[in-house]
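Close look at the chain arrangement
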Amino acid sequence: MAPLAERLRPKTLDEYIGQKHLVGPGAVLRKMIESGRISSFILWGPPGVGKTTLAQIIANKLETPFYTLSAVTSGVKDVRDVIERAKSNRFFSQASPILFIDEIHRFSKSQQDSLLGAVEQGIVTLIGATTENPSFEVIRPLLSRSQLYVLKSLEKEDLLELLHRAITTDIVLRERQIELKETTALLRFSGGDARKLLNMLELVVESETETPVVITDQIVTERLQQNPLAYDKDGEMHYDIISAFIKSIRGSDPDGAIYWLARMVEGGEDPAFIARRLVISAAEDIGLANPNALLMANACFDTLMKVGWPEGRIPLAEATIYLATSPKSNSAYLAINSALELVKQTGNLPVPLHLRNAPTKLMKQLGYGDDYKYAHDFPGHFVRQQYLPDELKEYALWHPQPNSAEQKHKERMQQLWGEERFK
């Protein structure tokens, strides 16, 4: 019999759980699917959130040929064969055949190149699914011809709905009279992954011999400890291990960080994936407390690309320890998030006239650029003037944190702008 996760796989959008921002009433993907005509798109999100399921629902909904390729087992020849079949199955009045590529991030550049013409000419409509950032893993020409939709880890309410559906509708579980007395452990260990949640539920139920089955946090924890999951760079632990790695760096624990790095190296993790996360951590967690951390992380990435494997583990280790032992600041991370939120709240406020460009005579007559003060014409290459829109001129978005590097920046800003602005 098929696993529980496969038995419960939704067949329609109404059965689909989660991702309301994409498939809820009036949402972009739902409207596209219900119209019967879709454009090429890529689904990006962690495992177990419904990427493949969504593609299969589209296949069931639309009356058009549907082809599936796995990037793990398919080559350029397979891609070309599917494109030729799509050409022969294309009718004048019919929408383009759909080509679904699971784990599209695993396609090589040449494999992705072989798709370009067919997507551009409308021979196929591409649906790609990936757990990796498409900006890194999908070639730019293909990315520019596709919409990108981000799927999120399932929320607590989604997971509880899924559990209830499993114990009440599945042909096997409903016979066991399951009582979900406690669900905290199931939800915590699932990490927002529906497949992982259902696999754990099935494991616990199968391990119980009596009916009814009463599920508690203690039972779940005991059963999972008896069945530890091996590290799988393409599976669920991939995200748990990288999370522990980054949190160890953020927590300034070089021993923890180097341990989790070793787990990834030994588990066959993609070295470039680790290097990218180091770059992100350097900017997000170390930031302005030690700007050299970003240089170190980028140098590690470049070196890794040059020397390859297994020697690449050495610059990865060097960068990991350097980042873990560096002072920490997330002031830049917080500043851009605050600025983005402010933009969402206030909309497209006009640029002050003195900051506007004036390439034409009319613009100059309208006052564009008037009263702008060129900083280099003043002592110390600085002069006070307004740079934010009028409505926001009192806002402070960057808040320096108490480390030696940022305190120097803070002191200089206070000298230039006054202590009130940078407290």
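This text goes with the structure placed above it.
Residues numbered from 1 in each chain as written. Predicted model: local features only at pLDDT ≥ 70, side-chain atom pairs only at ≥ 80, totals over all residues. Heavy atoms only, no water.

**Some words on the overall build of the protein chain**
Short version of the rule: Note on conventions: DSSP H or I runs of at least 4 residues are helices, E runs of at least 2 residues are strands, and numbering of each starts at the N terminus. In what follows, a contact means two residues having at least one pair of non-hydrogen atoms within 4.5 Å. Residue exposure ignores everything except the shown protein chains as possible cover, and the areas themselves are Shrake-Rupley values with a 1.4 Å probe. This count recognises Lys and Arg as positive and Asp and Glu as negative, with His and chain-terminal groups excluded. Note that the charge is assigned to NZ on lysines, CZ on arginines, CG on aspartates and CD on glutamates.
Counting its regular elements, the protein chain contains 20 helices and 7 strands. By principal-axis analysis of the C-alpha atoms, the protein chain measures approximately 80 × 60 × 45 Å. A separation threshold of at least 6 residues defines the contact pool for the protein chain, and within that pool the share at least 24 residues apart is 72%. Carbon together with sulfur atoms contributes 53% to the accessible area of the protein chain, which is approximately 23200 Å² in total. Here the protein chain contributes 49 positively and 54 negatively charged side chains, and the mean placements of these two sets differ by 6 Å.

**Some details on the pattern of salt bridges**
Convention followed: Here, a salt bridge means any side-chain nitrogen of Lys or Arg that lies within 4 Å of a carboxyl oxygen of Asp or Glu. The buried label goes to any residue with under 20% of its type's maximum accessible area, the exposed label to any with over 50%, and the partly exposed label to all in between, with areas taken from a 1.4 Å probe on protein chains only.
By the definition in use, this model includes 14 salt bridges. The residue glutamate 161 makes a salt bridge to arginine 165 at a minimum N-O spacing of 3.7 Å. Taken together, the residues glutamate 161 and arginine 165, both in helix H9 (residues 156-169) and 4 residues apart, mark about one turn of the helix. Taking the relative accessible area as the measure of exposure, glutamate 161 reaches 38% and is therefore partly exposed. A cluster of three or more residues bridged by salt bridges with shared partners is formed by Arg7, Asp170 and Glu202.

**Remarks on the environment of leucine 163**
Along the polypeptide, leucine 163 turns up in helix H9. Beyond its immediate stretch of four places on either side in the chain, leucine 163 contacts Leu180, Thr183, Leu186, Leu187, Leu197 and Leu201.

**Some thoughts on the layout of surface pockets**
Rules: Grid points spaced at 1 Å over the protein atoms alone were grouped into cavities, where a 1.4 Å probe fits but cannot get out, and pockets, open sets with protein on both sides within 12 Å along at least five of seven lines, with lining residues defined by an atom within 4 Å of a point. Grid points are joined across faces, edges and corners, and a volume is the space filled by probe spheres set on the points. When residues are grouped by polarity, Ala, Val, Leu, Ile, Met, Phe, Trp, Tyr, Cys and Pro land in nonpolar, Asp, Glu, Lys and Arg in charged, and all others, Gly among them, in polar.
The volume enclosed by the largest pocket comes to roughly 1000 Å³. Surrounding the largest pocket, 33 residues form its lining, Pro46, Tyr239, Ile242, Phe273 and Arg277 being those nearest its centre. Secondary-structure elements contributing two or more residues to the lining of the largest pocket are helix H13 (237-250) and helix H15 (271-286). Of the residues contributing to the lining of the largest pocket, the split by class is 12 nonpolar, 9 polar and 12 charged.

**Let's talk about unusual backbone geometry**
Proline 310 follows tryptophan 309 through a cis peptide bond whose omega is 15 degrees. Within the secondary structure layout, proline 310 lies in the loop between helix H16 (292-307) and helix H17 (313-325). Phi is positive for glutamine 177, which is not a glycine, with a value near 50 degrees. Among the secondary structure elements, glutamine 177 is positioned in the loop between H9 and strand E6 (178-180).

**Observations regarding the packing of H9 against helix H11 (residues 194-207)**
Which entries qualify depends on this criterion: Under this scheme, a helix contributes an axis fitted over its contacting stretch, all axes are lines through C-alpha atoms, and angles between N-to-C directions fall in the 0 to 180 degree range. The labels follow the angle: roughly parallel below 35 degrees, roughly antiparallel above 145, roughly perpendicular from 65 to 115, and oblique for the rest. Each crossing gets its hand from how the near helix is turned against the far one by less than a right angle, where anticlockwise is left-handed and clockwise is right-handed.
It is the contact of H9 with H11, at a shortest axis distance of 11 Å, that shows an interaxial angle of 40 degrees. In terms of orientation, H9 and H11 fall into the oblique class. In this structure, H9 meets H11 at a crossing whose hand is right-handed. Taking contact as the criterion, the partners of Leu159, Leu162, Leu163, Ala166 and Ile167 in H9 are, on H11, Ala194, Leu197, Leu198 and Leu201. In the contact of H9 with H11, the residues fall into 9 nonpolar, no polar and no charged.

**Thoughts on a nonpolar patch on the surface**
The condition that has to hold: Excluding any residue in a salt bridge, patches collect residues exceeding 30% relative accessible area, merging like charges within 9 Å and nonpolar Val, Leu, Ile, Met, Phe, Trp and Tyr side chains within 5 Å.
There is a patch of nonpolar side chains on the surface, built from Met1, Ile171 and Val172 and spanning about 330 Å² of accessible area. Structurally, isoleucine 171 is set in the loop between H9 and E6.

**Re the nonpolar core**
Stated precisely, the cut-off is as follows: Note on terminology: a nonpolar core comprises buried Ala, Val, Leu, Ile, Met, Phe, Trp, Tyr and Cys residues joined through side-chain atoms within 4.5 Å.
Counting residues in each nonpolar core, the largest one holds 27 residues, and the members touching the most others are Leu173, Ile178, Leu186, Leu198, Leu201, Ile215 and Val220. Broken down by secondary-structure element, the contributors of at least two residues to this core are helix H1 (4-7), H9, helix H10 (184-190), H11, strand E7 (213-215) and helix H12 (217-226). Among the elements that make up this core, the one with the highest residue count is H11 (7 residues). With residues near it in sequence (within four places) discarded, leucine 173 still touches Leu4, Ala166, Ile167, Ile178, Leu201 and Val205.

Worth remembering: the numbers are spatial, not functional.
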